[in-house]
Amino acid sequence: MHQSYRMIAKTLQALEPVLAQELITLGAEEVEEGRRMVSFRGDRALLYRANYQLRTALRVLLPLASFRARTPDELYEALRRLDWRQWMRSTDTFAFDAVVYSDTFTHSRYVGYRAKDALVDYFMEQEGTRPGVRLDNPDLRFHIHIAQEEVTLALDSSGESLHKRGWRAAQTEAPMSEVLAAGILRLAGWDGQCDFIDPMCGSGTLLIEAALIARGIAPGSFRSSFAFQRWHDYDAELFRQIQEEAKAGQRPFDHHIYGSDAAISAVQIARHNVRLAGLEEVIHVEHRTLEDCPSPTEPALLVTNPPYGERLRLREGDALYSMIGERLKHNYPGCTAWIITDKAEHFAKIGLRPSARYQLLNGALECELRGYELFAGKKSEQHGAEGEERRTPRIERRERRPRPEGDRPRREHRFDGDQPRRAFDGERRERRFDGDKPRRAFDDGERRERRFDGDKPRRAFDGERRERRFDGDKPRRAFDGERRERRFDGDKPRRAFDGERRERRFDGDKSRRAFDDGERRERRFDGDRPRRAFDGERRERRFDGDKPRRAEGQLWPNDRFRYRDEAGRERLRSKRPTRLQHFSADEED
């Protein structure tokens, strides 16, 4: 009877249900979803099979011990008391990975240091020898997970992350993780029963993962080794049988996978990766833009990862996503499309109604995956007669009964409270603005003006012109043949025009001298002291205190940035250093 273990498979955000379904398919028991992980129970064969065949798992852990620790010293003592000889020898190399979610343990690297000290001190006490620490490709890699005071020690059976399949030899600037690509394809329902299209393929991650799923090829078949192969109880014959079973489960693929990209460098990288994966028979990569892609003759699944503008330099992002929406609508009727991006504004520019949404993480970026059912024409036309039957029947509106004949009083709209206004009774009433008291009607040929200043009405027009009030409650004097200027400075009126020209006052209560004797006076700008009169010498305006501008022939430090263009206009060069940009492009015949 085979021994059963409790194991943990780690994954990305929102992919827990996909991973759980994969584990059930492999024969796992007691499958429970957690936060970016799925726990399950199985034997050694399932441990090997999970590492070799899971597409959405990052690594598979085998828990060894669990305990509580409130301080780093308690963590050290608890780890030193464990029997490490049942898992490793003193001649093995090891390393610790730590993940910490605690108020006490705030530094994961310090947790790794204390765990390393506990393991080394144990072997020094027991055997007098010291095992070596190796960060790169050690014989055994331990994993410590701390949630507040709960500590779990586990043995990593995968080694390098499982997203490193082994087929990627080159990549573009911002490649997608293989685990994320496989999860997106699973969420999109890809099963290899139609053509697959990625019009912005980049390095070809979605294309290759789609081909692996369609052909039933195990993702671990490209890897050179796993961490469990260096364990002392490793069963090589069992692992060979699992590899043969996975190879026997491969199936033919009767459709095609098409990829394209606008960058020739990305097309070259994608073609190289496809050749290394041995999938050039089913994957075809072309150099063309989305606008130049032909319309598919049969329904297909389109999944793509457009540039976001975060790590890649994106120009005219709104125009790009508007073009994507337009091409999806008019060039791919009858297909299903899935788009992943990080901004809601990009989806708004696509302009299509999604049928499904998923929140994902692409590296450190919070992204959203949306699915679209594409069709020609309007959505209502796709349902046909069957759709018409499913619609809610339209409720007929009842006809209004005719009003009884007769004169009904006309009612005005209510403005002030719930009390309606009086009906129109032959006397004109004005609308109320100031309180509940209505204004007096227009009668006796006397004109009443609207109220502006308080509750007291103005005096009627009695042949004498009254000007509007501006300064207080006292009205101005009427026009009596003498011209009065407007007041600007205080309550004292200015003197009337008496043949002598007076300038307006700007600085204080003292008026300036009138223009006389051919002497020109300039306006004052800096204080109460007037400037010198014009005496044949040009004076410039002062802007920076009492110091005049530089004289001719002298240079300021900023003058080295000044120059004149071809039209003779003075320009100012940029003071920032110019960075040299180098471009290289591989042209392909």
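Above this note sits the structure.
Residues numbered from 1 in each chain as written. Predicted model: local features only at pLDDT ≥ 70, side-chain atom pairs only at ≥ 80, totals over all residues. Heavy atoms only, no water.

**Details of the overall build of the protein**
The number of helices and strands found in the protein is 11 helices and 17 strands. When burial is assessed residue by residue, the protein has 34% of its 589 residues classed as buried. When the accessible surface of the protein is split by element, carbon and sulfur atoms take 45% of a total near 41,300 Å². (Helix = DSSP H or I, 4+ residues; strand = E, 2+ residues; numbered from the N terminus. Buried < 20%, exposed > 50% of the residue type's maximum accessible area, 1.4 Å probe, protein only. Areas by Shrake-Rupley, 256 points an atom, 1.4 Å probe, with all protein chains shown as cover.)

**Structural notes on helix α1 (residues 16-26)**
Of the residues making up α1, those classed as buried are Glu16, Val18, Leu19, Ala20, Glu22, Leu23 and Leu26. Residues of α1 that are buried sit in contact with β1 (5-10), β2 (29-33), β3 (37-42), α2 (44-53) and α5 (178-187). Backbone geometry just downstream of α1 places Gly27 in the positive-phi region, at approximately 105 degrees. (Contact = heavy atoms within 4.5 Å.)

**Things to note about the pattern of salt bridges**
As a working rule, side chains carrying opposite charge can pair if their charged atoms are close by. Applying the stated criterion to the full structure yields 22 salt bridges. A salt bridge links Arg44 to Asp233, with the nearest nitrogen and oxygen atoms 3.5 Å apart. Here Arg44, found in helix α2, pairs with Asp233, found in the loop between α6 (205-215) and α7 (236-248); they are 189 residues apart in sequence, far enough to count as distant. Judged by relative accessible area, Arg44 falls into the partly exposed class, the value being 28%. The partner of Glu237 in a salt bridge is Arg240, and the shortest N-O contact between them spans 2.2 Å. Of this pair, Glu237 and Arg240 both sit in helix α7, separated by three residues, roughly a single helical turn. Given a relative accessible area of 38%, Glu237 falls into the partly exposed group. The exposure class assigned to Arg240 is partly exposed, which follows from its relative accessible area of 36%. Through salt bridges with shared partners, a single network forms among Arg6, Glu30, Glu32 and Arg41. (Salt bridge = Lys/Arg side-chain N within 4 Å of Asp/Glu carboxyl O.)

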